[in-house]
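# An overview of the molecular structure
Okay, here's what each chain looks like letter by letter:
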Amino acid sequence: MSAPLAERLRPHTLDEYIGQEHLVGKNGVIRRFIEAGNVPSFILWGPPGVGKTTLARIVANELQRQFFTLSAVTSGVKEVRDVIESAKKHKFFDSATPLLFIDEIHRFNKSQQDSLLGAVEQGVITLIGATTENPSFEVISPLLSRCQVYILKPMTDENLEQLLQRALTTDTELRKRGIEVKEREALFRFSGGDARKLLNIIDIIANAADGKITITDRSVTDALQQNIALYDKNGEQHYDVISAFIKSVRGSDPNAAIYYLARMLAGGEEPRFIARRLVILASEDIGLANPNALLLANACFDTVHKIGMPEARITLAETTIYLATSPKSNSAYMAINEAMSFVGRDTTNRPVPLHLRNAVTSLMSDAGYGKDYKYAHDYEGGFVDQEFMPESLAGRQFYHPNTGNPTEEKIARRIKELWKDKYK
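Described below are features of the structure shown in this document. This one's a predicted model, so the numbers in the text were calculated from it and none came from an experiment.

### As for the overall build of the protein
Of regular secondary structure, the protein possesses 21 helices and seven strands. For the protein, the C-alpha atoms occupy an extent of roughly 85 × 60 × 45 Å along the three principal directions. The buried share of the protein, taken over its 424 residues, is 42%. Taken as a whole, the protein presents about 23100 Å² of accessible surface, with 52% of it coming from carbon and sulfur. The distance from the centre of the 51 positive side-chain charges to the centre of the 53 negative ones in the protein is 1 Å.

### Comments concerning a nonpolar patch on the surface
A cluster of nonpolar side chains, namely Tyr373, Tyr375 and Phe388, defines an oily patch on the protein surface of about 330 Å² accessible area. Relative to the assigned elements, Tyr375 resides in the loop between α20 (362-366) and α21 (406-419). Judged by its relative accessible area of 45%, Tyr375 falls in the partly exposed class.

### A few points about the sheet that holds strand β2 (residues 67-71)
The strand order across the open sheet formed by five strands is β2-β3-β4-β1-β5, and the pairing between neighbours is parallel. Two strands lie at the open edges of the sheet, namely β2 and β5 (148-151), each paired on one side alone. Sheet twist, expressed as the average angle between the axes of neighbouring strands with direction ignored, equals 20°. Examined bridge by bridge, strand β3 (residues 99-103) and strand β4 (residues 126-131) share five bridges and lie parallel to one another. If you follow Leu99 over to β4, its bridge partner there is Thr126.

### Here's the deal with the packing of helix α9 (residues 157-170) against helix α12 (residues 195-207)
It is the contact of α9 with α12, at a shortest axis distance of 10 Å, that shows an interaxial angle of 40°. Comparing the axis directions of α9 and α12 gives the class oblique. Note that α9 runs across α12; the crossing there is right-handed. Side by side, α9 and α12 meet where Leu160, Leu163, Leu164 and Ala167 of the first sit next to Ala195, Leu198, Leu199 and Ile202 of the second. Taken together, the residues of the contact of α9 with α12 break down into eight nonpolar, no polar and no charged.

### As for the layout of surface pockets
Roughly 1200 Å³ of internal volume is contained in the largest pocket. Taken together, the elements giving at least two residues each to the lining of the largest pocket come down to α1 (5-8), α4 (52-63), β4, α9, α12, α14 (236-250), α16 (271-286) and α17 (292-307). For the lining of the largest pocket, the element with the most residues is α16, which contributes five residues. Of the residues contributing to the lining of the largest pocket, the split by class is 21 nonpolar, 14 polar and 15 charged.

### Here we look at the environment of His305
Within the fold, His305 resides in helix α17. With 34 residues separating them in the primary sequence, His305 and Pro271 have C-alpha atoms 8.3 Å apart. With residues near it in sequence (within four places) discarded, His305 still touches Glu138 and Arg272.

### Points about the nonpolar core
One finds Leu174, Leu187, Leu199, Ile202, Ile215 and Val220 to be the most contacted residues of the largest nonpolar core, which totals 29 residues. Of all the secondary structure elements, the ones that give two or more residues to this core are α1, α9, α11 (185-191), α12 and α13 (217-223). A total of seven residues in this core trace back to one element, the largest contributor, which is α12. The contact partners of Ile202, leaving out residues within four places of it in the chain, are Leu5, Leu164, Leu174 and Leu187. Within the second largest apolar cluster, 26 residues are counted, among which are Phe245, Phe273, Phe301 and Ala317.

### Digging into helix α19 (residues 331-345)
With 15 residues, α19 extends 21 Å from end C-alpha to end C-alpha; this agrees with the ideal 21 Å at 1.5 Å per step. Within α19, the full set of buried residues consists of Ser331, Ala335, Ala339 and Phe342. The buried residues of α19 occupy an angular sector of 65° when the element is viewed end-on, so they sit on one face. In α19, those exposed residues whose orientation departs by more than 90 degrees from the buried face are Met340, Gly344 and Arg345. The inward-facing, buried residues of α19 abut α21.

### What to know about α17
For α17, with 16 residues, the first-to-last C-alpha span of 22 Å sits near the 22 Å given by 1.5 Å per residue. Among the residues of α17, Ala293, Ala297, Cys300, Phe301 and Val304 are the ones counted as buried. Down the axis of α17, the buried set is contained in an arc of 100°. They therefore lie on one face. More than 90 degrees from the buried face of α17, the exposed residues found are Leu295 and Lys306. Turning to α17, the residues buried within the fold contact α16 and α18 (312-325). The positive-phi residue at the C-terminal boundary of α17 is Gly308, with phi of around 65°.

### Thoughts on the pairing of β4
Among the six residues that make up β4, six are buried, leaving the element largely enclosed by the rest of the structure. Burial of β4 is two-sided: the residues Thr126, Ile128 and Ala130 facing one way and the residues Leu127, Gly129 and Thr131 facing the other way are all buried. As paired elements, strand β1 (residues 42-45) and β4 share four bridges and run parallel to each other. Its bridge partner lying in β4, Ile43 is registered against Gly129.

### Quick word on the pattern of salt bridges
Counted according to the given criterion, the structure contains 22 salt bridges. Linking Glu284 and Arg250 is a salt bridge whose minimum nitrogen-to-oxygen distance equals 3.8 Å. Linking Glu284 in helix α16 with Arg250 in helix α14, this pair joins segments that are 34 residues apart in sequence. Ionic contacts of the salt-bridge type, sharing partners, join the residues Glu104, Arg107, Glu133, Glu138, Glu270, Arg272 and Arg276 into one network.

Parameters and conventions
- The residue numbers shown here count from 1 along each chain, following its written sequence.
- Two thresholds apply to this predicted model, a pLDDT of at least 70 for residue-level local features and 80 or more for giving and counting side-chain atom pairs, whereas whole-chain, interface and lining totals are computed over all residues.
- Side-chain numbers come from the whole structure's heavy atoms, not from hydrogens or water.
- Labels follow the DSSP assignment, with helices taken as runs of H or I lasting at least four residues and strands as runs of E lasting at least two, numbered in each case from the N terminus.
- A 1.4 Å probe rolled over the protein chains alone gives each residue an accessible area, and that area as a share of the maximum for its type sets the label: buried under 20%, exposed over 50%, partly exposed in between.
- The protein chains shown are the only cover counted for residues, whose accessible areas, like all others here, come from Shrake-Rupley with a 1.4 Å probe.
- Asp and Glu are treated as the negative residues and Lys and Arg as the positive ones, with His and the ends of the chain left uncounted.
- Every charge is mapped to an atom, namely NZ of Lys, CZ of Arg, CG of Asp or CD of Glu.
- Excluding any residue in a salt bridge, patches collect residues exceeding 30% relative accessible area, merging like charges within 9 Å and nonpolar Val, Leu, Ile, Met, Phe, Trp and Tyr side chains within 5 Å.
- Every case where a carboxyl oxygen of Asp or Glu lies within 4 Å of a side-chain nitrogen of Lys or Arg is listed as a salt bridge.
- We call two strands paired when DSSP finds no fewer than two bridges between them.
- Helix axes use the C-alpha atoms of the stretch in contact, all axes being lines fitted to C-alpha atoms, and the angles between their N-to-C directions lie in the range 0 to 180 degrees.
- Throughout this description, any angle smaller than 35 degrees is read as roughly parallel, any larger than 145 degrees as roughly antiparallel, any in the 65 to 115 degree range as roughly perpendicular, and the remainder as oblique.
- Crossing handedness is defined as follows: a turn of the near helix away from the far one that is anticlockwise and smaller than a right angle gives a left-handed crossing, while the clockwise case is right-handed.
- By the convention used here, residues are in contact when the closest approach between their heavy atoms is within 4.5 Å.
- Only Asp, Glu, Lys and Arg are considered charged, only Ala, Val, Leu, Ile, Met, Phe, Trp, Tyr, Cys and Pro nonpolar, and every remaining residue, Gly among them, polar.
- The method works on a 1 Å grid over the protein atoms by themselves. A cavity is a set of points holding a 1.4 Å probe that cannot get out, a pocket is an open set with protein on both sides within 12 Å along at least five of seven lines, and residues with an atom within 4 Å of a point line them.
- Grid points are joined across faces, edges and corners, and a volume is the space filled by probe spheres set on the points.
- The term nonpolar core refers to a set of buried residues drawn from Ala, Val, Leu, Ile, Met, Phe, Trp, Tyr and Cys, joined through side-chain atoms within 4.5 Å.
- The length a helix should cover is 1.5 Å for every residue beyond the first.
- Directions pointing from the helix axis toward each C-beta atom define the arc.

Distances and angles like these do not, on their own, reveal function.
Written out as structure tokens, the structure reads:
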């Protein structure tokens, strides 16, 4: 039985590689350091099927470096240490540093990532990591600071067309079949910017028919019909379903929210991705209407991180229902947006009032820093009427309480009681 089409067409040189022009094109950073022969440790961050593993192998081939590979799904600290010891044994005085490629590096826990630090720092190995998750969240800071991060983009339709033509004209098996492509819309839509998925679809169509094959939108849809209703974490439906999930929680529909949560979990979505979205939802859409929502969402994120699936589904469900049925307010979200928008376009140098500045030297004290500042706790109720804004912005309001919920109605009353008519 022949290898899958995606494996048969895997490129072996940089010139065969399709896509990621910003990295491998004429002036691309990866092409430049291959040409220079000096490769730093780096992490490739991007969606599945865009060539992260292939690019790592090409770097090793082009530089003729010893290449070790590990999968974070199946490897632990022991396997990491074994590879490091092997790299030490094979590295002689003037030999090039071996490359260690770790697929799905975001799945390594802290101790596993810690075990890499010394070898990277000492130059025993050059690390290449691949991840579909934001490294800022999933890779420990000491390791991240020693690696460049390069972002890979989904394949464009133009990239997919190049790949399609290469498959039809260079693959021995497909050339025997005389495949004619009459329509491409469904082929590219179901691929969702994923090169491997495009080739797998062609494989499915080719294996399901005898003789000459004509590819149309209908033939693609028919061949994949059993998968259409499923959530696809790697393609277009990833964005559709997570969008529907967020909007269902925001719209206070716990049943729809749980349905989309189940779609994501059944499709293999990373639970921590969902938990992060719940933390954002708690701040952006519930906010001050129920401050406990953020506490629960943050606890959910910690719990999911600790226990993983399948038990994490219960914590995610509990938090989803709680957030969906909670009162909603985006006042904090709107306040910071308004303030940042104002600051971003404000060209006026607005000095901080002198009474709010700390007089850390006698010269500053003589200049009036801190003079007439009133310490709020010295006054009844812990409040004193003094100006905190720059003088030219006195009375400017950025936060507008959403009085449609009891918590912020109480906040609005307190602001009114303290500041009278200053903030209307």
